[in-house]
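Reading the structure
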There are 2 protein chains.
Amino acid sequence: MNQEEILERLDKKGIKPTANRVLVYRALTESSRPQSLSGLEDALVTMDKSSIFRVLTLFLEHDVVHGFEDGRGVLHYELCGSDGECNMADSHLHFYCESCHESYCLEDIHLPHIDLPQGFTSHSVSFVIKGECPRCRASHR
Amino acid sequence: MNQEEILERLDKKGIKPTANRVLVYRALTESSRPQSLSGLEDALVTMDKSSIFRVLTLFLEHDVVHGFEDGRGVLHYELCGSDGECNMADSHLHFYCESCHESYCLEDIHLPHIDLPQGFTSHSVSFVIKGECPRCRASHR
DNA sequence: CTTTTTCTTGCAACCGGGTTGCAATCTACC
DNA sequence: GGTAGATTGCAACCCGGTTGCAAGAAAAAG
């Protein structure tokens, strides 16, 4: 994704494209997997942790990215594919590798529908499978 | 559950029943819902946080309790029902109330089976629905 | 083009859950 | 009772996340 496309995407989501915001967006596009705050800190040495955090918070509010927990309490951020309104309902499963600490989107597996007992209201769903990814499995065998 | 039963349960799991361990166990039985470390700190003012933590860690290792994350990165502990070997496979869903920060066991809803893509190995599953519990829903309406 | 206002950023400090080193205490066994 | 090992409390630390603040950059007003 080139500079033009990034600027356009941020504009569509209603975000003023500062240099840092473009940097964070680019770092996310350049990674094939979702990134955590600390992963982005390593990738963006010019930026302060708090600045990255604030950009990510802004991105979350504007549905530029989605966040999910990796099952240890660490938030991972993935770019939202859609251009306009984003439909969280048909969201997919994530896998967290306990060996390399990377997370994976399992796009093909979408979240099962759950009927909650009477009185419970759902705001969001956290569903992550933890284990070992193919890469790590291969490397230490 | 009385003192006798607690001692017996700990013994069956291979844990020497010190006073503190019994205290933690009792606190867990007396709560109808899973507890977090900080919840137990409030309930057990005589014990130090680190002691509670070490007891819980021991309990986890001996399958006296199970832990799950509430979707904010905080671990909640629930007593394991079984006396002997505990079968994590038929584990159930949890609900976390974002309003009162309590978690609920939805015993009736067990985790769906997921077929992972080739090469991925699952060690554990983290599946929590976040939202508002009946109690909170009722209280602010 | 300068001034004013607003937004954005880096720094440092803080927060809370979790974790550890260590010395003091307790327990079990001789 | 005396000693070895287990258990505990305290203080300190770790790490991800978060905030207050003052400096710097950008946009709006004059």
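Scroll up for the structure.
Below is a summary of the structure that appears in this document. (Residues numbered from 1 in each chain as written. Chains lettered and ligands numbered in written order. Predicted model: local features only at pLDDT ≥ 70, side-chain atom pairs only at ≥ 80, totals over all residues. Heavy atoms only, no water.)

1. What about the protein's contact with DNA strand C?
DNA strand C sits among 16 residues. The nearest are T18, S51 and R54 of chain A together with F53 and L75 of chain B. Here, DNA strand C places atoms within 4 Å of the protein, and 63% of those atoms are sugar or phosphate. Within the contact set of DNA strand C, a phosphate oxygen lies 2.9 Å away from a side-chain nitrogen or oxygen of T18 of chain A. A distance of 3.2 Å is found between a base nitrogen of DNA strand C and a side-chain nitrogen or oxygen belonging to S50 of chain A. The set of elements that each furnish at least two residues to the surface near DNA strand C consists of α2 (19-30) and α4 (49-61) of chain A together with α4 (49-61) of chain B. In terms of residues, the surface near DNA strand C owes the most to one element, α4 of chain B, which gives 4 residues. Looking at the surface near DNA strand C residue by residue, the class counts come to 4 nonpolar, 6 polar and 6 charged. (Near = heavy atom within 4 Å. Polar contact = N/O pair within 3.5 Å; in protein donor to acceptor, adjacent residues only side chain to side chain. Helix = DSSP H or I, 4+ residues; strand = E, 2+ residues; numbered from the N terminus. Nonpolar A, V, L, I, M, F, W, Y, C, P; charged D, E, K, R; others polar.)

2. Concerning the sheet that holds strand β4 (residues 92-97) of chain A
If you trace the 6 strands from one edge of the open sheet to the other, you get β5(A)-β4(A)-β6(A)-β6(B)-β4(B)-β5(B), paired in mixed fashion. Each edge of the open sheet carries a strand with a single partner, namely β5 (103-110) of chain A together with β5 (103-110) of chain B. Neighbouring strand axes in the sheet, compared pairwise and without regard to direction, differ in orientation by 30° on average. (Pairing = 2+ DSSP bridges. Axes fitted to C-alpha atoms, helices over the stretch in contact; angles between N-to-C directions.)

3. Focus: the interface of chain A and chain B
Taken together, the contact pairs 33 residues of chain A with 33 residues of chain B. In total, about 2,800 Å² of surface goes out of reach between chain A and chain B, with carbon and sulfur atoms giving 65% of it. Between chain A and chain B we count 0 salt bridges in total. There are 16 residue pairs in polar contact (both at pLDDT 80 or more) connecting chain A and chain B. Elements with a minimum of two residues in the side of chain A that touches chain B: β4, β5, β6 (121-132) and α5 (134-139) of chain A. Of all the elements, β6 of chain A adds the most residues to the side of chain A that touches chain B, at 12 residues. (Contact = heavy atoms within 4.5 Å. Buried area = accessible area lost by both parts, 1.4 Å probe. Salt bridge = Lys/Arg side-chain N within 4 Å of Asp/Glu carboxyl O.)

4. A look at the relation of the copies chain A and chain B
Turning chain A through 180° and shifting it by 0.0 Å along the axis lays it on chain B, with an RMSD of 0.1 Å. Taken together, the rotation and translation relating the two chain copies correspond to the operation of a two-fold axis. When C-alpha distances to the rotation axis are compared across chain A, the minimum falls at G73 of chain A, with a value of 1.6 Å. A shared interface surface links the copies, since 100% of the contact residues of chain A are contact residues in chain B too. (Least-squares fit on C-alpha atoms with pLDDT ≥ 70 in both.)

5. Structural notes on the protein's contact with DNA strand D
Around DNA strand D, the surrounding shell holds 16 residues, and the nearest of these are F53 and L75 of chain A together with T18, S51 and R54 of chain B. In DNA strand D, the atoms that sit within 4 Å of the protein are 60% sugar and phosphate, with bases accounting for the remainder. In this structure, T18 of chain B approaches DNA strand D through a side-chain N or O atom, which is 2.8 Å from a phosphate oxygen. Counting only elements with at least two residues in the surface near DNA strand D, the list comes to α4 of chain A together with α2 (19-30) and α4 of chain B. With 4 residues, α4 of chain A is the single largest residue contributor to the surface near DNA strand D. By residue class, the composition of the surface near DNA strand D is 4 nonpolar, 6 polar and 6 charged.

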